Amino acid sequence: MQMKEIALSNFSLFPITTLHRFAKISLKPPSYAPPCKCVAGDNTAAKTVAEVPAFSVTTRSMSEVDYLGESTKGDFNINFDQLDTFGGDSRPIEEIANVEAQEAEHLLRHLGIQAPFSAIHSPRGIFCTRTLNLRSISAIGYDMDYTLIHYNVMAWEGRAYDYCMENLRSVGFPVDGLSFDPNLVIRGLVIDKEKGNLVKPDRFGYVKRAMHGTSMLSTRAVSYTLFNGLYSSMQGSEIYGRELVDLRKENRWEFLNTFFSVSEAVAYMQLVDRLDEGAVAAEVGPLDYKGLYKAVGKALFRAHVEGQLKSEIMSKPELFVEPDPELPLALLDQKEAGKKLVLITNSDYHYTNKMMTHSFNRFLPNDMDWRDLFDMVIVSARKPEFFQMSHPMYEVVTGEGLMRPCFKGRTGGLYSGGSAQMVESSLGVQGDEILYVGDHIYTDVSQSKVHLRWRTALICRELEEEYTALIHSRAQRSFLIELINQKEVVGDLFNQLRLALQRRTKDRPAQTLAATKLDDQELTESLQKLLIVMQRLDEKIAPMLDSDGELFNKRWGFLSRAGLWDKSHLMRQIEKYADIYTSRVSNFLHYTPFMYFRSQEQNLAHDSYSFYCAHDDGQ
C-alpha cells in the first residue's frame, strides 16, 4: 500500500539510535508471565542470533489471562536471548517508561499518527466500556446497513417515509400536507403506543422529555397523562413519573434502536396529530394509538417487502450512500493482521452485492473485490434469530443468487440464513474470540452478547455531531452548573434557618448559636430574602435546562444524556451491551488491529466527597 510506504519512510528522518532505544532496555520476563514461546524448531541452538526470530505470537493454546482479565492470545513475545545482545539499562522501569513514552508521542506526532489517548478526545474516537484486547480477537463480524455502509438519512429514510405514506393513503389515511422531518426524532427515544407519545427516559427508565404527536410537552405536563383525549394538568390524573419505561413490555413500548426507526417514528407521530384532530375517516376503522402504530408499521413493512424502495436505491446508490474511503483500508489492515472477517446482514444477496460493490471496490488496492476481504458472507441472516436459534442454511452458488442447501460453511463461502453457531463451527472460533460490530443495540449488540458471549462494538454515527455540540456548549453548561451550585449554597442556609424557625416554634434551641441569637423578625426577613434569591435563580436555571443540548437537537437535547448530569436510557443500553462504541468502522484505522482498549475509571457518587475529604485532611 502506498500510504503505508510513505509512513514507514518517515522513520529515516530519525537517527538509528533513537529508533533502537527501545531495544537497549534490559528486560527480564515478568514473574507473572509464562516463559517466552518463540517460534523456533528443535535446531534453535544451532542457529545464529540473526537467524532466531526476534518475536513470536502467543497462540490460543499457550495464552493466559493478564492482570486486567483479558486473554494474552495474539500478544507479541520477545526472544530474550537475542535482546541481550543490545546491552542493558539498569534504571528503574518507571523512569525508562517516562522517557520512552515522551519519545513515542513525539515520533507519533512527527509521523502524523494520532496517539490512542489523543484519539479518545476526538469525535472519531473509539470509546471503551469494558476492557478489550483486540489482539486476542480471532474473528470480526460486521453488520452492513448503517455499519459498513452509512446512508444519507434524509435521502434513505425520506424515501422510506414516502413509500410508507403512499401505502397509508391507499387505505384511506389523511396524509396530505405531511412531509418527512428527520429532526422530529433521534435514536434512543421510546414510543409509548398506548398514549401516542414519544418519550426520552433516563438510565432508570424515568421520563425526562416527552412529545405527544408533534407537540413537545412541558416539564410539568410530562408528569400528567391523557384526560378525555387531551393532555391535562388536573390534579388526580395519573402521573407519568409513577411509571417506568420497561422495554420488556413490547406491547406498550417501542425503542428506536437505529436510523431505520426514524421514518416510522416520524410518520406515526404526525398521524397521532391527525387522529387527535378527528381527521381519520370512520372507514379506516376505530383506531386508538396502539392500532395506529400497527397500521404505520404495516405500511412501512410493505414498503420494504414489495422491493420498490430497495430497487430505487440499487439503481442510484450514489444518491443514498455516503462513501468512506478509509473504511476498506481499516478492514484490510484487520485481515492482514490475521483476523477472520465475516459479513452478517439481514439484507438479501442482490442488494448486499450492489451496495458493497459500490461502497468498497473503488477504494481497495490491486483490483480487489469486496468479497476478498471476508472469510465468510451471510445474507438474509434473520437477526436477531440468527443469534438465538438455528435456521436452514443455503449456499449462494451463482451471481444471479441461485442457492442450494448446505450443512457446513467453508472459508470464502457466501451463504443465506444459517446461525451464529454455524459461524463459530466453520471458522473454528467461539465466544469472546469474536467481535461483532453493528448499529442496532438489540439485534446486533445485545443478542450476540447475551446468547453467545461475543465481544461487541456499537456504531453510532451521531456521536460525531454530539461531540461537537458538547464542545460548543461548554461555556453555557459551566455557567448553568455555577448557577445551580449557587442555589445549592443559598438553599443550604435557607434550610438551616427554616429548621431554626421550626425548632423555635416548638420551644427547642436552634442548632447553632448564631441562629439562636436571631430574633423572630430577623429570622423571617432572612428567610424571605433567601427565598426570593432562589426563586429568581430558578427563573434563570429552568429555561437553560430546557435548552441544554439544543445544539444537537432542539427538541430532545443530547443523545447520550437525559438532563444535565444523568445518562439517557440509550447510553445505559450501550454501557451494558457494547464493549466499545464509536461513530464509524473506519475509526479502527487510527488504532491498529493490535489495540488494547482499556475502560476508563467509572465515577461514583461518593468519589467527589472522598476527594475533598482527602484534601481537607491535608493528604
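Just so it is clear, the model here is predicted, and its values are computed rather than measured.

### Things to note about the pairing of strand E20 (residues 434-438)
Right, on to step 1. Within E20, five of the five residues are buried, leaving the element largely enclosed by the surrounding structure.
Right, on to step 2. Side-chain alternation along E20 places Ile434, Tyr436 and Gly438 on one buried face and Leu435 and Val437 on a second face that is also buried.
Right, on to step 3. Relative to E20, strand E5 (residues 139-142) runs parallel, the two being bridged by four bridges. By the bridge assignment, Ala139 is partnered in E20 with Ile434.
Right, on to step 4. Traced from E20 through helix H14 (residues 441-452) to strand E21 (residues 455-459), the parallel crossover comes out right-handed.

### Considering the sheet that holds strand E22 (residues 580-582)
Right, on to step 1. Spatially, 10 strands are ordered E3-E22-E21-E20-E5-E15-E16-E19-E17-E18 in an open sheet, and the strand pairing comes out mixed. Of all the strands in the sheet, the pair left with one neighbour each is strand E3 (126-128) and strand E18 (403-406). Direction aside, the axes of adjacent strands within the sheet are offset by 25° on average.
Right, on to step 2. Direction of pairing for strand E16 (residues 376-379) relative to strand E19 (residues 413-417): parallel, over a ladder of four bridges.

### Some remarks on the pattern of salt bridges
When charged atoms on two side chains of opposite charge get close, those side chains can pair.
Right, on to step 1. For the structure shown, the criterion picks out 35 salt bridges.
Right, on to step 2. Notably, a salt bridge pairs Arg124 with Glu326, separated by 3.1 Å at the nearest N-O pair. Placement of the pair is Arg124 in the loop between helix H5 (116-120) and E3 and Glu326 in helix H10 (residues 326-336), with a sequence separation of 202 residues.
Right, on to step 3. Given the relative accessible area of 23%, Arg124 is considered partly exposed.

### Some thoughts on helix H11 (residues 349-360)
Right, on to step 1. An ideal rise of 1.5 Å per residue puts 16 Å on 12 residues; H11 measures up with 16 Å between its terminal C-alpha atoms.
Right, on to step 2. Here H11 has its buried residues at Tyr349, Tyr351, Thr352, Met355, Met356, His358, Ser359 and Phe360.
Right, on to step 3. Backbone nitrogen of His350 and a side-chain oxygen of the N-cap are separated by 3.1 Å at the start of H11; the cap is Asp348.

### Some words on the environment of Arg124
Right, on to step 1. A sequence separation of 343 residues divides Arg124 from Tyr467, and the C-alpha atoms of the two residues are 9.0 Å apart.
Right, on to step 2. In terms of polar contacts, Arg124 uses its side chain to reach the side chain of Glu326, at 3.1 Å.

### Details of the environment of Lys540
Right, on to step 1. Residue placement: Lys540 occurs in helix H18 (residues 520-547).
Right, on to step 2. When residues no more than four places from it in sequence are discounted, the contact partners of Lys540 are Phe479 and Leu483.

### Quick look at the layout of surface pockets
Right, on to step 1. The computed volume of the second largest pocket comes to approximately 1,800 Å³.
Right, on to step 2. Lining the second largest pocket are 48 residues, with Glu254, Asn257, His440, Tyr442 and Thr443 positioned closest to its centre.
Right, on to step 3. If you list the elements that add at least two residues to the lining of the second largest pocket, you get strand E13 (253-255), helix H7 (261-276), helix H8 (289-305), H14 and helix H19 (569-577).
Right, on to step 4. Classifying every residue of the lining of the second largest pocket by side-chain character gives 16 nonpolar, 16 polar and 16 charged.

### Considerations on the confidence of the model for the protein chain
Right, on to step 1. Per-residue confidence for the protein chain averages 85 on the pLDDT scale, and 83% of its residues sit at or above 70.
Right, on to step 2. Within the model, pLDDT remains below 50 along residues 1-49, and this stretch shows 60 contacts once partners closer than five positions in the same chain are excluded.
Right, on to step 3. Low pLDDT, under 50, characterises residues 225-238; the predicted model gives this stretch 30 contacts beyond four residues in sequence or across chains.

### Examining the packing of aromatic side chains
Right, on to step 1. All chains considered together, the criterion is met by 15 aromatic pairs.
Right, on to step 2. Pairing Tyr161 with Phe180 gives two aromatic rings, centres 5.4 Å apart and planes at 45°, and the pair type is tilted. Of this pair, Tyr161 sits in helix H6 (residues 153-170) while Phe180 sits in the loop between H6 and strand E7 (190-192), and the two are 19 residues apart along the sequence. One exposure class covers both Tyr161 and Phe180, and it is buried.
Right, on to step 3. Note on Phe387 and Trp454: the rings are 5.6 Å apart at their centroids and 85° apart in plane angle, and the pair reads as edge-to-face. Separated by 67 residues along the polypeptide, Phe387 in helix H12 (residues 385-388) and Trp454 in the loop between H14 and E21 bring together distant segments of the chain.
Right, on to step 4. By relative accessible area, which is 0% here, Trp454 ends up buried.
Right, on to step 5. Cluster of aromatic residues (ring-pair linked, three or more members): Tyr146, Tyr151, Trp156, Phe259 and Phe260.
Right, on to step 6. For Arg187, the ring lying beneath its charged end belongs to Phe259, and the centroid distance is 5.3 Å.
Right, on to step 7. Geometry around Tyr351 places Lys310 over its ring, the cationic atom sitting 4.6 Å from the centre.

Parameters and conventions
Residues numbered from 1 in each chain as written. Predicted model: local features only at pLDDT ≥ 70, side-chain atom pairs only at ≥ 80, totals over all residues. Heavy atoms only, no water. Buried < 20%, exposed > 50% of the residue type's maximum accessible area, 1.4 Å probe, protein only. Helix = DSSP H or I, 4+ residues; strand = E, 2+ residues; numbered from the N terminus. Pairing = 2+ DSSP bridges. Right-handed = clockwise from strand over helix to strand, strands pointing away. Axes fitted to C-alpha atoms, helices over the stretch in contact; angles between N-to-C directions. Salt bridge = Lys/Arg side-chain N within 4 Å of Asp/Glu carboxyl O. Expected span 1.5 Å × (residues − 1). Polar contact = N/O pair within 3.5 Å; in protein donor to acceptor, adjacent residues only side chain to side chain. Contact = heavy atoms within 4.5 Å. 1 Å grid on protein atoms, 1.4 Å probe; cavity = no way out; pocket = protein on both sides within 12 Å on 5 of 7 lines; lining within 4 Å. Points joined across faces, edges and corners; volume = space filled by probe spheres on them. Nonpolar A, V, L, I, M, F, W, Y, C, P; charged D, E, K, R; others polar. pLDDT = per-residue confidence, 0-100. Phe/Tyr/Trp six-rings, centres within 6.5 Å; stacked < 30°, edge-to-face > 60°. Lys NZ or Arg CZ within 6 Å of the ring centre and 35° of its normal.

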